[in-house]
Amino acid sequence: MSVLVIAEHDNAELKRPSLNAVTAAQALGGEVHVLVAGEGAGAVAEAASRVAGVARVLHADDAAYAHGIAENLAPLVTGLAEGYSHLLASATTFGKNVMPRVAALLDVAQVSDIIGIASESVFVRPTYAGNALATVESNDATKVITVRTTAFDAAAEEGGAASVEAVAGAGDQGLVRFVRHELSKSDRPELTSAGIVISGGRGMQSGENFPLIEAVADRLGAAVGASRAAVDAGYVPNDFQVGQTGKVVAPDLYIAVGISGAIQHLAGMKDSRVICAINKDEEAPIFQIADFGLVDDLFKALPALAEELDRQGISRT
Amino acid sequence: MKVLVAVKRTIDPNVKVRVKSDQTGVETANVKMAMNPFCEIAVEEAVRMKEAGNAEEVVAVSAGADKAQETLRTALAMGADRAVHIVSEAELQPLAVARLLKVVVEEEQPGLVILGKQAIDDDSNQTGQMLAALLGWPQATFASEIVFKDGTADVTREIDGGLETLNVNLPAVVTTDLRLNEPRYASLPNIMKAKKKPIDRREADALGVDIGPRLAIHKVEEPPRREAGIKVADVAELVARLRDDAKVIG
């Protein structure tokens, strides 16, 4: 039995969610192999070969794989699938896009967003925004799985010494052309891997008020997120969204500001170690799951919080 | 161009779901149902394509129990022209739905199939990608903008780091993300009109595809409950608690 992890990367760096997928792969047992499909992504293949627990790296180098295009990647993966009991990717927008296409081409089910592994064929996954945990069994010959990154620790980036071998696929299927990326630029940590996240909701009233959040974030070295309500209202871009339909985070500290605590938001953050909520409505459902609740006007509380952090000499750790 | 829009009937997103005490699933008896929110966005986009002159006809399709008909009526009230109901009282998993939709696509020959990116019940996020794979079509998932040009479409996708734009051949499968549009409410006259629009009922078992479940559900449980903590008096106490009690800042 061996497991193939489909690596997510930008041709320069191996993305952190792939390290969580490697840990899930190790939990299944058997050898762990990693597929790095990209263009000029040799450095990524090298990085993958050093990840602890990885036995082999398959490196496909083709312009068709430069941008993670599902239509080109899926036939490459299915061509390599024989001999693997499981195909894994992280449940990021990359994995969610590519893996169901792989599964359908192999005529098998996909098990989405697993948070637990009971055996090599039995998995736990959240449904209904995490309000019901389903234990499901797949009897397909090849199990295609996406992995919720917050449920599995990242594998160590160093410690492995895997071989790297070249593989090739059918290349460009001619269905899709990459046009452009507009990636958010930020000096803050990435939302899904940050140790502290501070998110704003509808209570922020406007995108122009998000600097109040950012001021606190910068003092704590925190990532900035938002509720779906804040995204829907246009305060911030969708890639800030934490929740059932956005990103799932589980930092050491989650600070929810002006967020009422809709079911779909809680789905994205309720596994955080410590939750702190600031809301002027003391009846807000967010307080039912918060370890520390502050009932206050956020427009007063946020500047006061930034000031208090300075006064106490607390800065990013 | 004909646009096919697939819709799913789910528990209303505002309802708090309850896991059944026998752990076989969640309670759906006497629970308010609605069209999956991402499907509403798909219907809205399809109707806008027709209104903008990019589509001549919008056909809504749903696979599921008898009551899925209500969801199709909603799609018709929002502006779809007619509907296809693939009737199955059995549980349909994403691969089965993709197979059933493929049969309808081959009959209807649409230029575009649009679906929600995920249903808020099983949260699978698979059906659109699987349908595209089975058809050998391009897939533009998590769309926030669709622009037609020269027989292709530029689709902007919501990805983890921001936005990505792909140019896809048509026909294609597109799945919707939140910011694609804001779905309309059906007006009363349109709800009345929708009652007269045709729904073609097809038995899933008669479509000649394997729709058996691939995943066996062993049990469904409630997640561990998180208890409410304490209220702090002010910002100073909050900082002290986070530093000294929780030790998450310092």
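How each quantity is defined
Residues numbered from 1 in each chain as written. Chains lettered and ligands numbered in written order. Predicted model: local features only at pLDDT ≥ 70, side-chain atom pairs only at ≥ 80, totals over all residues. Helix = DSSP H or I, 4+ residues; strand = E, 2+ residues; numbered from the N terminus. Buried ≥ 20, exposed ≤ 12 C-beta atoms within 10 Å, placed from the backbone. Contact = placed C-beta atoms within 7 Å. Rg over C-alpha atoms; globule rule 2.2 N^0.38 Å. Nonpolar A, V, L, I, M, F, W, Y, C, P; charged D, E, K, R; others polar. Axes fitted to C-alpha atoms, helices over the stretch in contact; angles between N-to-C directions. Parallel < 35°, antiparallel > 145°, perpendicular 65-115°, else oblique. Left-handed = near helix turned anticlockwise from the far one by under 90°. Pairing = 2+ DSSP bridges. Arc of directions from axis to C-beta. pLDDT = per-residue confidence, 0-100. Core = buried A, V, L, I, M, F, W, Y, C linked by C-beta atoms within 7 Å.

### Digging into the overall build of chain B
Then comes step 1: Along the backbone of chain B there are 6 helices and 13 strands.
Then comes step 2: Projected onto the principal axes, the alpha-carbon positions of chain B cover approximately 65 × 45 × 40 Å.
Then comes step 3: Counting over 250 residues, chain B shows a buried share of 51%.
Then comes step 4: Sequence-distant contacts in chain B: of pairs separated by 6 or more residues, those separated by 24 or more amount to 69%.

### Here's the deal with the overall build of chain A
Then comes step 1: Assigned secondary structure in chain A consists of 8 helices and 16 strands.
Then comes step 2: Compactness check: chain A gives a C-alpha radius of gyration of 21 Å against a globular reference of 20 Å for 317 residues, within 12% of the reference.
Then comes step 3: Expressed along its principal axes, the backbone C-alpha trace of chain A runs to roughly 60 × 40 × 40 Å.
Then comes step 4: Across the 317 residues of chain A, 60% fall into the buried class.
Then comes step 5: Intrachain contacts of chain A at a sequence separation of at least 6 include 67% that bridge at least 24 residues.

### Notes on the interface of chain B and chain A
Then comes step 1: Taken together, the contact pairs 68 residues of chain B with 75 residues of chain A.
Then comes step 2: Of all the elements in the fold, those that place two or more residues in the side of chain B that touches chain A are α3 (94-108), α4 (127-135), β7 (139-149), β8 (152-159), β9 (162-169), β12 (215-221), β13 (230-232) and α6 (235-245) of chain B.
Then comes step 3: Per-element accounting of the side of chain B that touches chain A gives the leading share, 8 residues, to β9(B).
Then comes step 4: A breakdown of the residues in the side of chain B that touches chain A according to their chemical character gives 34 nonpolar, 16 polar and 18 charged.

### Considering the packing of helix α8 (residues 298-311) of chain A against α6(B)
For any two helices packed against each other, the geometry comes down to the angle between their axes and how far apart the axes lie.
Then comes step 1: Where α8(A) contacts α6(B), the two axes come as close as 9 Å, and the packing angle between them is 50 degrees. The orientation of α8(A) relative to α6(B) falls into the category oblique. α8(A) and α6(B) meet at a crossing whose hand is right-handed. On the side of α8(A), the interface is formed by Ala301(A), Ala304(A), Leu305(A), Glu308(A) and Leu309(A), while α6(B) contributes Val235(B), Ala236(B) and Val239(B).
Then comes step 2: For the contact of α8(A) with α6(B), the per-class residue count stands at 7 nonpolar, no polar and 1 charged.

### Considering the sheet that holds strand β7 (residues 122-127) of chain A
Then comes step 1: Ordered in space as β6(A)-β7(A)-β8(A)-β12(B), the 4 strands form an open sheet in which the pairing is antiparallel. With partners counted over all chains shown, the strands left at the sheet margins are β6 (116-117) of chain A together with β12 of chain B, one partner each.

### A few points about unusual backbone geometry
Backbone geometry follows two general trends: most residues other than glycine have a negative phi, and most peptide bonds adopt the trans configuration.
Residue and element names in this part refer to chain B.
Then comes step 1: Residues Leu-170 and Pro-171 are joined by a peptide bond in cis, for which omega reads 0 degrees.
Then comes step 2: Relative to the elements of secondary structure, Pro-171 occurs in the loop between β9 and β10 (172-176).
Then comes step 3: The backbone of Gln-23 sits at a positive phi, close to 60 degrees, despite the residue not being glycine.
Then comes step 4: Here Gln-23 is to be found in the loop between β2 (9-11) and β3 (33-35).
Then comes step 5: Positive phi values are uncommon outside glycine, yet Asp-123 reaches one of about 50 degrees.
Then comes step 6: Within the secondary structure, Asp-123 is located in the loop between β6 (112-116) and α4.
Then comes step 7: Since 21 C-beta atoms lie within 10 Å of it, Asp-123 is described here as buried.

### Looking at the environment of Arg214(B)
Then comes step 1: Here Arg214(B) is to be found in the loop between β11 (199-203) and β12.
Then comes step 2: According to the C-beta neighbour criterion, Arg214(B) is buried, with 20 such atoms within 10 Å.
Then comes step 3: Separated by 120 residues in the primary sequence, Arg214(B) and Pro94(B) have C-alpha atoms spaced 9.5 Å apart.
Then comes step 4: In this view, Arg214(B) contacts Val108(A), Ala109(A), Ser138(A), Asp140(A), Gln93(B) and Leu95(B); residues no more than four positions away in its chain are not counted.

### Observations concerning α6(B)
Then comes step 1: Listed in full, the buried residues belonging to α6(B) are Val235(B), Leu238(B), Arg241(B) and Leu242(B). Around the axis of α6(B), the buried residues are gathered within 125 degrees of arc, so they sit on the same side.
Then comes step 2: Along its buried surface, α6(B) packs onto β14 (253-257), β15 (274-279), β16 (292-295) and α8 of chain A together with β13 of chain B.
Then comes step 3: Following α6(B) by one or two positions, Lys247(B) has its phi on the positive side, about 55 degrees.

### Focus on the packing of α3(B) against α4(B)
Residue and element names in this part refer to chain B.
Then comes step 1: Two numbers describe how α3 lies on α4: the axes approach to 8 Å, and their chain directions differ by 50 degrees. Taken as axis vectors, α3 and α4 run oblique relative to one another. Remark: the crossing between α3 and α4 carries right-handed chirality. Contacts between α3 and α4 involve Pro-94, Leu-95, Val-97, Ala-98, Arg-99, Leu-101, Lys-102 and Val-105 on the former and, on the latter, Thr-127, Met-130, Leu-131, Leu-134 and Leu-135.
Then comes step 2: Its residues assigned to classes, the contact of α3 with α4 comprises 10 nonpolar, 1 polar and 2 charged.

### Comments concerning the environment of Arg201(B)
Residues and elements named next belong to chain B.
Then comes step 1: Assignment of secondary structure puts Arg-201 in strand β11.
Then comes step 2: On the basis of neighbour count, Arg-201 is assigned to the exposed category, with 12 C-beta atoms found within 10 Å.
Then comes step 3: Placed 130 residues apart in sequence, Arg-201 and Thr-71 show a C-alpha to C-alpha distance of 14 Å.
Then comes step 4: Discounting residues that sit within four places of it in the chain, Arg-201 has contacts with His-85 and Val-87.

### Quick notes on the confidence of the model for chain B
Then comes step 1: Taken as a whole, chain B shows an average pLDDT of 96; of its residues, 100% reach a score of 70 or greater.
Then comes step 2: Model confidence for the complex: the whole-complex pTM is 0.94, and ipTM, which rates the interface, is 0.96.

### Observations regarding the sheet that holds β16(A)
Then comes step 1: Spatial strand order, β13(A)-β12(A)-β14(A)-β15(A)-β16(A)-β13(B): 6 strands in an open sheet with parallel pairing. Two strands lie at the open edges of the sheet, namely β13 (223-226) of chain A together with β13 of chain B, each paired on one side alone. Direction aside, neighbouring strands of the sheet carry axes that sit 25 degrees apart on average.
Then comes step 2: Bridging between β14(A) and β15(A) involves 5 bridges; their strand directions are parallel.

### Observations concerning the nonpolar core
One broad rule of soluble globular proteins: the nonpolar side chains tend to lie buried together.
Then comes step 1: Membership of the largest hydrophobic core comes to 196 residues, with the highest contact counts inside it found for Val5(A), Ala48(A), Val5(B), Val43(B), Ala46(B), Ala60(B) and Ala80(B).
Then comes step 2: In contact with Ala80(B), other than residues within four places in its own chain, are Val5(B), Val43(B), Ala46(B), Val47(B), Val58(B), Val59(B), Ala60(B) and Ala75(B).

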